[in-house]
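An overview of the molecular structure
Here's the letter readout for the chains.
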Amino acid sequence: MSGLLVAGTTSDAGKSVVTAGLCRWLARQGVKIAPFKAQNMSLNSMVTGDGAEIGRAQYMQAQAAGVEARAVMNPVLLKPGSDRRSQVVVLGRPVAEVDALQYGHHKEWLKGVVLESLAELRAEYDVVVCEGAGSPAEINLRAGDIVNMGLARAADLPVVVVGDIDRGGVFASLYGTVALLEKEDQALVAGFVINKFRGAYELLKPGLEQLETLTGRPTLGVLPWKLGLYLDSEDTLALDAPRPDARGPYGKETLRIAVVRFPRISNFTDMDALACEPGVIVRYAASVGDLAEADLVVLPGTRATVTDLEWLRERGMAEDIRRRAAEGRPVLGICGGYQMLAGEITDRVESGTGTTKGLGLLPANVGFEAEKTLGRPTGRAYGEDVHAYEIHHGVVTAHGEPFLDGCRKGAVWGTTWHGAMENDGFRRAFLKDVARHAGREFTPAPDVSFAALREATLDALGDLVEEHLDTDAVWRIIENGAPGGLPVVPPAGAPEPRGGAPEPRGGAPEPRGGAPEPRGGAPEPRGGAPEPRGGAPEASGDTPEPPATAVR
């Protein structure tokens, strides 16, 4: 056995979901399995047990596989601080802050890091399930690709392409993805998976048959739309996905939480544990009106503290939050959000703006350090043990009443710790305190276990794979690679322009003559796509490869 690359037609197509589901399904079979994502662009990250920073999705996939998360599972992590600049994290440590055009100059070095990391995992595990990024058909990025077909070619990995039927155009997306690949890349594409299906399978089946006729590749399964699975999303696309309604309150009243949706919001996975509580309604806010009815306003983490604070002021939200605090209404700041609550922020590292006035809601000041703090701290609050993680350049000096590693003043709390709300006892005690300050008769349920809910989610993903994919066909692909003799779908890459290189006009040229008509009808897909058994959607978060961002 060896490995498999899960690619997708777009970001948020379902790569993370399918990868996690395959990891859980293989772990159930007694296979020693590891996840891998060569390069991830995400502001949702996690600290491993040995102090390395990796994408939160890869940490979750390691949990699905039942193994300890390690830096080699996500050797390159890009954390954008603006539309053109990203911090580059290599093997769990930040190495540079670069712009979009520099990054491509260092792909060769990073490719070596990626291949060494993958080789280390393949030597230790029976199977490595790799996740791609964005789409493998991003022909403008193919030359320097280290996460999609560039990785598959270098490591001889068979590829399965996932398409999201819920957004429409899934057959064109799947066919077009293969058609734009070079013929050597096409030879590694072994089949397709359709994600987020709801409707009559009988109406879908003819399309699956025609897709196989056109490409020579089977659809390995159709995953149903599944609402309510809590996952560690990679980017803010997941915030726009449909979410289940909050369960009815355990006590008399609900508790309404508004989370400020900063342009560079990070680690918003902190809100997942709050949203799992019966009677807690979590909504994301981008205007003063969105804050109006909230019992608690949360300023979450951000990759751009000073810039996002200015955005908060421009929208009038900063003044509204200050007014709320003056009225004794609850406000919580986490990491970058906590830094905003301070009196003064001195930042010559992240924004380079020098000293900026904070909101002045907590007796604290912030100074940014070049060295990033990465850790897994523990502490106590409300008489409960708390296990958390921290990822920050800003160092807060606080003088108020202690709260975790930070401080509080009345109904305003601040901490740099992420993940604190995943501690059930602490979360319940904190929400009781919030409800008291908000004047709400809200009672947290005594039996909600966030860890148990996470495990149930991972089990549900494993069930989806087991029940809706042709697992025999998946086994064959993992063990033997892509079948030989797969047809080449025209045009097999972007044709060379005739008579010079004109400016591109929004994409790759249309294949000449189009796809051939199937002859003699559409045969049954090999392995078939099993009929979905009920169920409903899983949103998956994924992030595209950066527009070419660089490391020295």
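Before reading on, note that the structure itself is shown above.
Thresholds applied
- Residues numbered from 1 in each chain as written.
- Predicted model: local features only at pLDDT ≥ 70, side-chain atom pairs only at ≥ 80, totals over all residues.
- Heavy atoms only, no water.
- Pairing = 2+ DSSP bridges.
- Helix = DSSP H or I, 4+ residues; strand = E, 2+ residues; numbered from the N terminus.
- Axes fitted to C-alpha atoms, helices over the stretch in contact; angles between N-to-C directions.
- Contact = heavy atoms within 4.5 Å.
- Expected span 1.5 Å × (residues − 1).
- Buried < 20%, exposed > 50% of the residue type's maximum accessible area, 1.4 Å probe, protein only.

Strand order in the open sheet formed by seven strands is β15-β13-β16-β18-β27-β26-β25, and the pairing between neighbours is mixed. For this open sheet the edge positions go to β15 (280–285) and β25 (401–403), each flanked by a neighbour on one side alone. When strand polarity is set aside, the average angle formed by the axes of neighbouring strands in this sheet is 25°. Here strand β13 (residues 255–260) pairs with strand β16 (residues 296–299) via three bridges, running parallel. Opposite A258, over in β16, you have V297 as the bridge partner. Lying on the sheet, helix α11 (residues 317–326) is in contact with β13, β15, β16, β18 (331–334) and β27 (412–415); it crosses β16 at an angle near 130°.

The terminal C-alpha atoms of helix α7 (residues 201–215) lie 21 Å apart, and with 15 residues this matches the ideal 21 Å at 1.5 Å per residue to within 8%. Those residues of α7 not exposed but buried are Y201, L204, G207, L208, E209, L211, E212 and T215. Along its buried surface, α7 packs onto α5 (170–179), β11 (189–197) and β12 (219–224). Once α7 ends, the next one or two residues include G216, with phi positive near 75°.

In this fold, R70 is placed in the loop between α2 (56–65) and β6 (76–80). Looking at R70, the relative accessible area reads 18%, which means it is buried.

A few words now on the environment of G3. Looking at the secondary structure, you find G3 in strand β1 (residues 3–8). Residue class for G3 comes out buried when judged on its relative accessible area of 2%. C-alpha of G3 to C-alpha of L118: the two residues are 115 residues apart in sequence and 10.0 Å apart in space. Setting aside anything within four residues of it in sequence, one finds G3 in contact with R122, V127, V128, L157, P158 and I478.

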